[in-house]
Amino acid sequence: MTAPDPGPPDAAQPRPRRSATGGAGTGAPQAGLARRLGVGDAVVIGLGSMVGAGVFAVWSPAAHAAGSGLLIGLLIAAIVAYCNAASSAQLAAVYPVSGGTYVYGRERLGEWWGFAAGWCFVIGKTASCAAMALTFATYATDINWLRRLIALVAVLALAAVNYRGVTRTARLTRILVTCTLAILALVLILLYTGEPQHHTASSTSVYGVLQSAGLLFFAFAGYARIATMGEEVREPARTIPRAITIALAVAIGIYLLVAFALLRTGDPASTTAPLAAAVDGVGAAWATPIVRIGAALASLGALLALIAGVGRTTLAMARNRDLPTWLAAVHPRYQVPHHAELALAAVVGVLVLTTDLRGVIGFSSFGVLLYYAIANASAFTQPRDQRRWPRAVNVLGLTGCVVLAVTLPWTSAVVAAALLAAALLVRRFRTGRAGSARS
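Everything quoted here is computed from the prediction, not taken from an experiment.

### Considerations on the overall build of the protein
Scanning the protein for helices and strands turns up 18 helices and zero strands. The buried share of the protein, taken over its 439 residues, is 59%. Sequence separation of 24 or more characterises 84% of the internal contacts of the protein that already satisfy a separation of 6 or more. Accessible area of the protein: about 16900 Å², with a carbon and sulfur share of 66%.

### Focus: a nonpolar patch on the surface
A grouping of Ile143, Trp145, Leu149 and Val153 is seen on the molecular surface, where their side chains present a nonpolar patch of about 440 Å² in accessible area. The residue isoleucine 143 is located in the loop between helix H7 (111-140) and helix H8 (144-163) in this model. Of the residues examined, isoleucine 143 reaches a relative accessible area of 40% and is grouped as partly exposed.

### Let's talk about the pattern of salt bridges
Scanning the model with the defined rule gives four salt bridges in all. Arginine 106 serves as the salt-bridge partner of aspartate 322, at 3.4 Å between the closest nitrogen and oxygen. Taken together, the positions of aspartate 322 in the loop between helix H14 (288-319) and helix H15 (338-354) and arginine 106 in helix H6 (residues 101-108) put the pair 216 residues apart, joining distant regions of the chain. Assessed through its relative accessible area of 8%, aspartate 322 is described here as buried. Residue arginine 106 is classed as buried on the basis of its relative accessible area, which comes to 6%. Measuring nitrogen to oxygen at the nearest pair gives 3.3 Å for the salt bridge that ties arginine 427 to glutamate 111. Separated by 316 residues along the polypeptide, arginine 427 in helix H18 (residues 410-438) and glutamate 111 in helix H7 bring together distant segments of the chain. Overall, arginine 427 belongs to the buried group, its relative accessible area being 6%. Judged by its relative accessible area of 43%, glutamate 111 is partly exposed. What emerges from the salt-bridge pattern is a single network uniting Arg106, Glu111, Asp322 and Arg427.

### Quick word on H6
Where burial is concerned, most of H6 is hidden: seven out of the eight residues are buried. Those residues of H6 that sit buried are Thr101, Tyr102, Val103, Tyr104, Gly105, Arg106 and Glu107. Positive phi appears at glycine 110, one or two residues downstream of H6, with a value of about 130°.

### Some remarks on the confidence of the model for the protein
When pLDDT is averaged along the protein, the result is 80; 84% of the residues meet or exceed 70. The least confident element of the protein is helix H1 (residues 18-21), whose mean pLDDT is 41; the most confident is helix H17 (residues 391-406), at 95. Of the regions scoring below 50 in pLDDT, residues 1-29 engages in 62 contacts with residues more than four places distant in sequence or in other chains.

### Section: the packing of aromatic side chains
The final tally for this structure, using the stated rule, is seven aromatic pairs. Residues phenylalanine 115 and tryptophan 119 carry aromatic rings whose centres are separated by 6.4 Å and whose planes lie at 10° to one another, so their mutual orientation is stacked. Of this pair, phenylalanine 115 and tryptophan 119 both sit in helix H7, four residues apart, which is roughly one turn of that helix. Overall, phenylalanine 115 belongs to the buried group, its relative accessible area being 4%. Here the aromatic residues Phe121, Phe217, Tyr371 and Tyr372 are joined through ring pairs into a cluster of three or more. A cation sits over an aromatic face here: arginine 391 above phenylalanine 380, 5.3 Å from the ring centre. Sitting over the face of the ring of tryptophan 112, arginine 427 holds its NZ or CZ atom 4.6 Å from the ring centroid.

### Looking at the side chain of threonine 407
Position of threonine 407 among the secondary structure elements: in the loop between H17 and H18. Separated by 2.9 Å, the side chain of threonine 407 and the backbone oxygen of leucine 404 make a polar contact.

### Concerning the packing of helix H16 (residues 360-380) against H17
Relative orientation of the contacting elements H16 and H17 amounts to 160°, with a least axis distance of 8 Å. With respect to their mutual orientation, H16 and H17 come out roughly antiparallel. For H16 against H17, the interelement crossing comes out left-handed. Listed contacts from H17 to Phe366, Leu369, Tyr372, Ala373, Asn376, Ala379 and Phe380 of H16 are Arg391, Val393, Asn394, Val395, Gly397, Leu398, Cys401, Leu404 and Ala405. For the contact of H16 with H17, the class distribution of residues is 12 nonpolar, three polar and one charged.

Parameters at a glance
Residues numbered from 1 in each chain as written. Predicted model: local features only at pLDDT ≥ 70, side-chain atom pairs only at ≥ 80, totals over all residues. Heavy atoms only, no water. Helix = DSSP H or I, 4+ residues; strand = E, 2+ residues; numbered from the N terminus. Buried < 20%, exposed > 50% of the residue type's maximum accessible area, 1.4 Å probe, protein only. Contact = heavy atoms within 4.5 Å. Areas by Shrake-Rupley, 256 points an atom, 1.4 Å probe, with all protein chains shown as cover. Patch = residues over 30% accessible without salt bridge, like charges linked within 9 Å, V, L, I, M, F, W, Y side chains within 5 Å. Salt bridge = Lys/Arg side-chain N within 4 Å of Asp/Glu carboxyl O. pLDDT = per-residue confidence, 0-100. Phe/Tyr/Trp six-rings, centres within 6.5 Å; stacked < 30°, edge-to-face > 60°. Lys NZ or Arg CZ within 6 Å of the ring centre and 35° of its normal. Polar contact = N/O pair within 3.5 Å; in protein donor to acceptor, adjacent residues only side chain to side chain. Axes fitted to C-alpha atoms, helices over the stretch in contact; angles between N-to-C directions. Parallel < 35°, antiparallel > 145°, perpendicular 65-115°, else oblique. Left-handed = near helix turned anticlockwise from the far one by under 90°. Nonpolar A, V, L, I, M, F, W, Y, C, P; charged D, E, K, R; others polar.

Structure, rendered in structure tokens:
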């Protein structure tokens, strides 16, 4: 799973058109973000997004859908994720600016496709921010009324870290990821050295396996964070493909180890906290508080990386007037999209105080799968001199995204699709009015 040779530095790569980096119709360049992240920093940010709360929470709904086919669902999710990562890396090397597939869709397919990708990303990941904050609060306290307050404090605190600059984001993410991996290593040692538990294999179906793959995709989707922060990466043509490939390979390895361990020691579908239950089931109840700490730290790491990624996509959309231009501001000292991050913190703060988001995994997965479907379609259009992988990878990724999206729980899919349709209608109305005013 090693990326092909990335070729010459980014200076030799084709540059994106003005629309990718500047406000549409402004005629003036926008303030840029600082390129401060190396390969190690980018890998850590990607891992912080992928090895987050999902590794502690996603197994229960996925196992419930897949039954005994959980590992097959995980492998399908990993294959689709790799295809998506390859497409994203190939595009990011040519368009090393903030915004990810929002930019790629605009450049390769047209403004409407870019807008659809950006909107899917923003709504899906904004909901995921709230989910990570609430997951952290759930593991931090058993007191119901206190959970929402703790979640709100977590959102505000990590938004403040992001506000102070991307290097602080990468540094704190590195600490959180290191702690999470250390706790996961302890948990895996306990599970693999404990006595296997026998349980009755549950039934499975093709539809259930595909639905579990869509739900498990939620856990892998964090590699997008590296591409969306392309404007802050040093030598992006080299750094981004390597960082995405390394981060995804490590995450897939971790998830496979965890899946085998859970199936060896019990039934992950029988509890909402399968890792804690598995540790208790092998006679290591003393480690249950450690698992809770690990889940809390992982949730914070994922939330930190999510805030950074959503903020950058919001910045890119605002630069092109697909969102209010106020959100396109870059802080003169810290060189971060501070208005976008403040707005995101406000929205997520409202969500954690008013919503339980029990269906957020399916909702987020649907939006992000559509986002990557557009990424694969965009990569398919790239000419030979910009390609790093064959077009078959893009076709497989696009097909996988569509199939997994339509097999997700229908309520999540319908809500996400309705929000996208509403956003497209609003944009159509706005562009129609602007055209009438010009004529």
